[in-house]
Every structure is written in structure tokens, then in C-alpha cells.
Amino acid sequence: MIKAPDKMLARRADTRARADFATWKMMAKLNGASSLSSQAQDFLLTYKALLNEMTEVQASDATIALITKSYYAEMGGVGTPPAIPAGSNDGADEYMTGNVTAFRRPRVAPPKPGNSGSAAQPKLPVALIFACLIVVYVGIRYFLW
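What counts, and where the lines are drawn
Residues numbered from 1 in each chain as written. Predicted model: local features only at pLDDT ≥ 70, side-chain atom pairs only at ≥ 80, totals over all residues. Heavy atoms only, no water. Helix = DSSP H or I, 4+ residues; strand = E, 2+ residues; numbered from the N terminus. Buried < 20%, exposed > 50% of the residue type's maximum accessible area, 1.4 Å probe, protein only. Salt bridge = Lys/Arg side-chain N within 4 Å of Asp/Glu carboxyl O. Axes fitted to C-alpha atoms, helices over the stretch in contact; angles between N-to-C directions. Parallel < 35°, antiparallel > 145°, perpendicular 65-115°, else oblique. Left-handed = near helix turned anticlockwise from the far one by under 90°. Contact = heavy atoms within 4.5 Å. Nonpolar A, V, L, I, M, F, W, Y, C, P; charged D, E, K, R; others polar. Core = buried A, V, L, I, M, F, W, Y, C linked by side-chain atoms within 4.5 Å. pLDDT = per-residue confidence, 0-100.

S.K.: Help me understand unusual backbone geometry in this model?
M.R.: Only a minority of non-glycine residues have a phi that is not negative, and only a minority of peptide bonds are not trans. Backbone geometry places Asn31, a non-glycine residue, at a positive phi of 60 degrees. Tracing the sequence through the fold places Asn31 in the loop between α1 (4-29) and α2 (38-53). For Asn31, a relative accessible area of 71% corresponds to the exposed category.

Printed below as a string of C-alpha cells:
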């Protein structure tokens, strides 16, 4: 039986592993892998070895699984981390290309017809407000000094 704290640890380890692996891959592409920790460099070497045997997606998944297992043990988990179900897409595939989500403009709600009276109040022009501020300043300056 899998306990809730074990699932939370596994989810946290998986999230951290995915973020770290993406960061490490980007650093390696930018020739900054030498500045990574030795653990990160070891995982990148494992990833490169796996790339020779399988596709990039499979190698990434296998490496992330190894990192997750390592992080799970660091966080106090015992044994193999429980499997984490993949989140539902809810039709997101039509908007996804690679690992970049296309921007979609949010829907604009039509204005409510009953509130037209409050929105129709005239606003003071900026010049009138500025003139009033000058009058107040001159008045204070004249009467107090």
C-alpha cells in the first residue's frame, strides 16, 4: 500500500528532477556543463550514454527516472518511488508543439448592459487637474511663506 506522504515525496522529487534535468541539458547546450555539480555531470554522462542506445525522448525519461529515484532517497523516501500518474491533457495536444505552449488570448466577457450608468461618468481632463494642483501650490506658497 502506498502512503500519501510517499506520493507527495515522489511528486516533489519528480518535479524537481524534471526541472533540474531541463536546466542541466540547457547548460550543456550552452557549454556550461563544467560549472555543474559532479552529480549533475554524472547524470548528463548517463544521459549521453543512453542516447546511443535509444531515442532522445526515451533517454530523457530514463534519466529523469534515475534522478527522481535519487531525489526520492535524498528526501527520505524508502525503496522505489511510487509511480506518478501523468496529468490529463484536456485537449492541450492541439496547442502544444514540442515543449512550448502556444499563447492563447483569454476570452473577453461582453460588457453587462445594466452597469452602463456608472461607466458613463465623465472623467476630468488631465489639464484641469494639473491647473488645480498649480492653484493649490501657489495658494499654499502665498499664504504660508
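S.K.: What is the right way to read the pattern of salt bridges from this model?
M.R.: A side chain of one charge can pair with a side chain of the opposite charge if their charged atoms are brought near each other. A full pass over the atoms with the stated rule returns four salt bridges. Asp14 is paired through a salt bridge with Arg18; the nearest N and O atoms lie 3.1 Å apart. Taken together, the residues Asp14 and Arg18, both in helix α1 and four residues apart, mark about one turn of the helix. Put simply, Glu56 and Lys25 hold a salt bridge, and the shortest N to O gap is 3.5 Å. Of the two residues, Glu56 is situated in helix α3 (residues 56-74) and Lys25 in helix α1; the sequence distance between them amounts to 31 residues. You can call Glu56 partly exposed: its relative accessible area is 45%. Bridged by salt links that share partners, the residues Arg16, Asp20 and Glu74 form one connected network.

S.K.: I keep staring at the packing of α2 against α3 and nothing clicks. Help me out?
M.R.: For the pair α2 and α3, interaxial distance at closest approach is 8 Å and the crossing angle is 150 degrees. Classified by the angle their axes make, α2 and α3 are roughly antiparallel. In terms of crossing hand, the pair formed by α2 and α3 is right-handed. Contacts between α2 and α3 involve Gln39, Phe43, Thr46, Tyr47, Leu50 and Leu51 from the former and Glu56, Ala59, Ser60, Ala62, Thr63, Leu66, Ile67, Ser70, Tyr71 and Glu74 from the latter. For the contact of α2 with α3, the class distribution of residues is nine nonpolar, five polar and two charged.

S.K.: What is the right way to read the nonpolar core from this model?
M.R.: Within soluble globular proteins, side chains that are nonpolar tend to cluster in buried spots. Ala17, Phe21, Trp24, Leu36, Ile67, Tyr71 and Tyr72 are the most contacted members of the largest nonpolar core, which has 17 residues in total. Among the elements of the structure, α1, α2 and α3 are those that each provide at least two residues to this core. Among the elements that line this core, the one with the most residues is α1, at six residues. Not counting the four nearest positions on each side in its chain, Tyr72 is found in contact with Asp6, Leu9, Ala10, Ala13, Gly77, Val78, Gly79, Thr80, Pro81 and Pro82.

S.K.: Please explain the confidence of the model for the chain as it appears in this structure.
M.R.: Interpretation of this model should avoid reading the predicted coordinates in detail wherever pLDDT is low. With 77% of its residues at a pLDDT of at least 70, the chain reaches an overall mean of 79. Here strand β1 (residues 96-97) is the element of the chain with the lowest mean pLDDT, 46, and helix α5 (residues 126-144) is the one with the highest, 90. Note on residues 87-96: pLDDT under 50 across the span, and five contacts to partners over four residues away in sequence or across chains.

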